[in-house]
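# Architecture and fold: a report
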Amino acid sequence: MKNLKEVKDLYATLENSYIKKYGDDENSRKYVKWLKNTYLDSLTELTSGEIVEIEKPKIKTSFCFGYGFCGVSSQEQMNEASDLAERARKSEKFFISENLKQIDVQIKQAEDETRNGYLFGTGLNGFYTVGFMSEYKHSTYYGNKPHKVISADDRAGYIVALKKCKERFEKRLQTYLKRYGLRKISSWEFLCD
């Protein structure tokens, strides 16, 4: 795993590659600052030298619950959706668990040995992202495109990076709750068409 100096070096590489590609002006500097502070959770370097970005998870504050089918529902379904919407507005535990689902899915996919980790890139800033899927799914969606499969060591390092991302996200969620509580949470129910 990277120490703090190595991580700062990766961010310096990000800044230098972006400025080299798009020019050294105020907008480029603002964009790189936005990437570092808002968009990216972390960067990790694979053993083969590619730099992979991990996007910062977004805090979800809106929750909707559907009930029924084709405009038809029972009173029980409507009450259940209403209860769920009420729970979303009043439960910190629900707020945290629903928000952690996005990173938990990424970790679960990365830990699934039946899936390969494919490098996709280059992203907005010239770095790669990793997508986990079966060989069949990859060939179905991408045909013969030569996406590189990451090694077992890189997979293990990526999983560690995702788990650290989850820890930082949990702290962000706790900070959000301390600052705003649940007053900015909106939830509603709707009759499905």
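This report concerns the structure included in the present document. (Residues numbered from 1 in each chain as written. Predicted model: local features only at pLDDT ≥ 70, side-chain atom pairs only at ≥ 80, totals over all residues. Heavy atoms only, no water.)

## Here we look at the overall build of the chain
A count of helical and extended segments in the chain gives 6 helices and 6 strands. Along the chain, helices (α) and strands (β) appear in the sequence α-α-β-β-β-α-α-β-β-α-α-β when read from the amino end. Relative to a compact globule of 193 residues, whose C-alpha radius of gyration would be 16 Å, the chain shows 21 Å and is clearly more extended. Structurally, the chain occupies a C-alpha span of about 60 × 45 × 30 Å along its principal axes. Within the chain, contacts between residues separated by at least 24 positions form 67% of all contacts whose residues are at least 6 apart in sequence. Accessible area for the chain stands at about 12,100 Å²; split by element, carbon and sulfur atoms hold 51% of it. Looking at the chain, you have 33 positive and 28 negative side-chain charges, and the mean spots of the two groups are 5 Å apart. (Helix = DSSP H or I, 4+ residues; strand = E, 2+ residues; numbered from the N terminus. Rg over C-alpha atoms; globule rule 2.2 N^0.38 Å. Contact = heavy atoms within 4.5 Å. Areas by Shrake-Rupley, 256 points an atom, 1.4 Å probe, with all protein chains shown as cover. Lys, Arg positive; Asp, Glu negative; His and termini not counted. Charge placed at Lys NZ, Arg CZ, Asp CG, Glu CD.)

## Regarding the packing of aromatic side chains
Under the defined criterion, the tally for this structure stands at 10 aromatic pairs. A ring pair is formed by Trp34 and Tyr39, whose centres lie 5.5 Å apart and whose planes are at 20°; its orientation type is stacked. For Trp34, a relative accessible area of 37% gives the class partly exposed. Measuring from ring centre to ring centre gives 4.9 Å for Tyr176 and Tyr180, while their planes differ by 55°; the resulting arrangement is tilted. One end of the pair is Tyr176 and the other is Tyr180, both in helix α6 (residues 152-180) and 4 residues apart, which spans about a single turn. Taken together, Tyr18, Tyr22, Tyr31, Trp34 and Tyr39 form an aromatic cluster joined through their ring pairs. (Phe/Tyr/Trp six-rings, centres within 6.5 Å; stacked < 30°, edge-to-face > 60°. Buried < 20%, exposed > 50% of the residue type's maximum accessible area, 1.4 Å probe, protein only.)

## Considerations on unusual backbone geometry
Here Cys70, not a glycine, exhibits a phi torsion of approximately 55°, which is positive. Here Cys70 shows up in the loop between β3 (62-67) and α3 (75-90).

## Things to note about the pattern of salt bridges
The full count for this structure, using the stated rule, is 12 salt bridges. For Asp24, the salt bridge identified is with Arg29, shortest N-O distance 3.0 Å. A residue is classified by how much of its surface remains accessible, and Arg29, at 37% relative accessible area, is partly exposed. For the salt bridge of Asp112 with Arg115, the shortest nitrogen-to-oxygen distance reads 3.2 Å. Of the residues examined, Arg115 reaches a relative accessible area of 23% and is grouped as partly exposed. In the salt-bridge network here, residues are joined through shared partners; they are Glu15, Asp24 and Arg29. (Salt bridge = Lys/Arg side-chain N within 4 Å of Asp/Glu carboxyl O.)

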